[in-house]
Amino acid sequence: MNPCRRLSAALSSGAPLSADAEQHLFGCPRCRRRARSQRIDREIEAFGRGPEVETAVPADFVPRVMRGLPRPPAFRRLPRTWRWAAALAVFSAAAGYGYAVWSETISAGQQVASTSSAPVEESAFLGF
Amino acid sequence: MSAFEAPCADADLARRARDGEVRAFEQLVRRHAAMAIGAAARITRDAGLAEDAAQEAFWKAYRALPSYREEQNFGGWLRRIVVRCALDILRRRRPETPLTGSERAGGGEERAIEARSRLAHALARIGPLDREILLAVKAEGRLIAEVAADLGITAVSARVRLHRTRARLKKILLEEA
């Protein structure tokens, strides 16, 4: 049997390689590629295999998770109905303030108009 | 909870948690802690790392609650986050410095950890859906039909994807080797 076939058989069996096989592997790029490919196949297959890891939920697991939770923003902590009420209150306050400013501006404008004399009368008074 | 109180559905608890009710999220953690640690352990092969991954996954899930849709299976949604966290932890553990001769000769376990972390790195370069199928079948030992149903694809499509993903993973690992 040629050394490449011998090595291939040894790799497939999964047994440790002999010194001769190791030496051949060192000098033969084709066999090295094959060996690498087989090793990767084994690694992919072994990913989910192996002895089952003993797992249990430790007593402090849930408190630990809860302690580490990121704090939600204050607004999100409110119940949904309260969030709507808060939004409505902010909107009403803004609308009320806007109306107050607007009506004050209008009434101030009217007051200026009623107290100041017309420009024509003013020019007549000055003798023009 | 009193004996007469019906247990809440996961989706309902998730909605309440999203609305800011921390107690509802605590119930979800209690309900799914064993599944999360178990799923992470099948990937990390280490109980301590599995706990860390599960814990991180619950924090990520809490932050991601606004993106959770109520018609989704909460357990499946959480499992996907757990798997991602477990893979991240494995990737972070990848030894940056080459092992010395004695370490290389001595540790079969060390080699296994190295192999797992190499795989985790390669898995990061694969699309999320394909990665999920491969991990669910290979790492979690689930049936392909069950995984396909969970992801809303046909079993045939899942099988084809699994085959292609395996080939792609091998190619990536060969390139890296």
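That block above? That's the structure.
Everything numeric here is computed off the predicted structure, so don't read it as measured data. (Residues numbered from 1 in each chain as written. Chains lettered and ligands numbered in written order. Predicted model: local features only at pLDDT ≥ 70, side-chain atom pairs only at ≥ 80, totals over all residues. Heavy atoms only, no water.)

### Focus: the packing of helix 4 (residues 74-92) of chain B against helix 7 (residues 128-139) of chain B
Residues and elements named next belong to chain B. Interhelical geometry of helix 4 versus helix 7 gives an angle of 90° and a closest axis separation of 11 Å. Taken as axis vectors, helix 4 and helix 7 run roughly perpendicular relative to one another. The residues of helix 7 that touch helix 4, namely those facing Arg80, Val83, Arg84 and Leu87, are Arg131, Glu132 and Leu135. Looking at the contact of helix 4 with helix 7, its residues break down into 3 nonpolar, no polar and 4 charged. (Axes fitted to C-alpha atoms, helices over the stretch in contact; angles between N-to-C directions. Helix = DSSP H or I, 4+ residues; strand = E, 2+ residues; numbered from the N terminus. Parallel < 35°, antiparallel > 145°, perpendicular 65-115°, else oblique. Contact = heavy atoms within 4.5 Å. Nonpolar A, V, L, I, M, F, W, Y, C, P; charged D, E, K, R; others polar.)

### Focus on the packing of aromatic side chains
Residue and element names in this part refer to chain B. Within this structure, the stated rule accounts for 6 aromatic pairs over all chains. Consider the rings of Tyr68 and Trp77, whose centres lie 5.1 Å apart with planes at 50°: the pair is tilted. The same class applies to Tyr68 as to Trp77, namely buried. Taken together, the aromatic side chains of Tyr68, Phe74 and Trp77 make up a single cluster linked through ring pairs. (Phe/Tyr/Trp six-rings, centres within 6.5 Å; stacked < 30°, edge-to-face > 60°. Buried < 20%, exposed > 50% of the residue type's maximum accessible area, 1.4 Å probe, protein only.)

### What about the interface of chain A and chain B?
Many analyses report the size of an interface as the accessible area lost when the parts associate. Taken residue by residue, the interface counts 35 residues in chain A and 42 residues in chain B. Together chain A and chain B conceal approximately 3400 Å² of surface at their shared face, both sides included; 63% is due to carbon and sulfur atoms. Three residues, Ile44(A), Phe47(A) and Phe61(A), lead the burial of chain A against chain B; their summed loss comes to 21% of the area buried on that side. Our count for the contact surface shared by chain A and chain B stands at 1 salt bridge. For the salt bridge of Arg64(A) with Glu51(B), the shortest nitrogen-to-oxygen distance reads 3.0 Å. For the pair chain A and chain B, the number of links is 4 residue pairs in polar contact (both at pLDDT 80 or more). Contributing elements (two or more residues each) for the side of chain A that touches chain B: helix 3 (29-46), helix 4 (61-67), helix 5 (74-77) and helix 6 (80-115) of chain A. Here the side of chain A that touches chain B takes 9 residues from helix 3 of chain A, the largest share from any one element. (Buried area = accessible area lost by both parts, 1.4 Å probe. Salt bridge = Lys/Arg side-chain N within 4 Å of Asp/Glu carboxyl O. Polar contact = N/O pair within 3.5 Å; in protein donor to acceptor, adjacent residues only side chain to side chain.)

### So, the nonpolar core
Core analysis: the biggest nonpolar cluster contains 64 residues, and Phe47(A), Phe61(A), Phe25(B) and Leu169(B) have the highest contact counts within it. Each of domain 1 (7-93) and domain 2 (125-177) of chain B gives at least three residues to this core. Apart from the residues lying within four places of it in its own chain, the contact partners of Leu169(B) are Ile44(A), Leu119(B), Ala122(B), Leu123(B), Ile126(B) and Leu134(B). Cys4(A), Leu7(A), Cys28(A) and Ala35(A) belong to the second largest nonpolar core, which has 8 residues in total. (Core = buried A, V, L, I, M, F, W, Y, C linked by side-chain atoms within 4.5 Å. Domains from an automatic or database assignment.)

### Considering the packing of helix 8 (residues 144-151) of chain B against helix 9 (residues 155-176) of chain B
Residues and elements named next belong to chain B. Contact geometry for helix 8 and helix 9: axes closest at 8 Å, N-to-C directions at 105°. One finds that helix 8 runs roughly perpendicular with respect to helix 9. Where helix 8 approaches helix 9, its residues Ile144, Ala145 and Ala148 are matched on the opposing element by Ala155, Ala158, Arg159 and Leu162. Of the residues contributing to the contact of helix 8 with helix 9, the split by class is 6 nonpolar, no polar and 1 charged.

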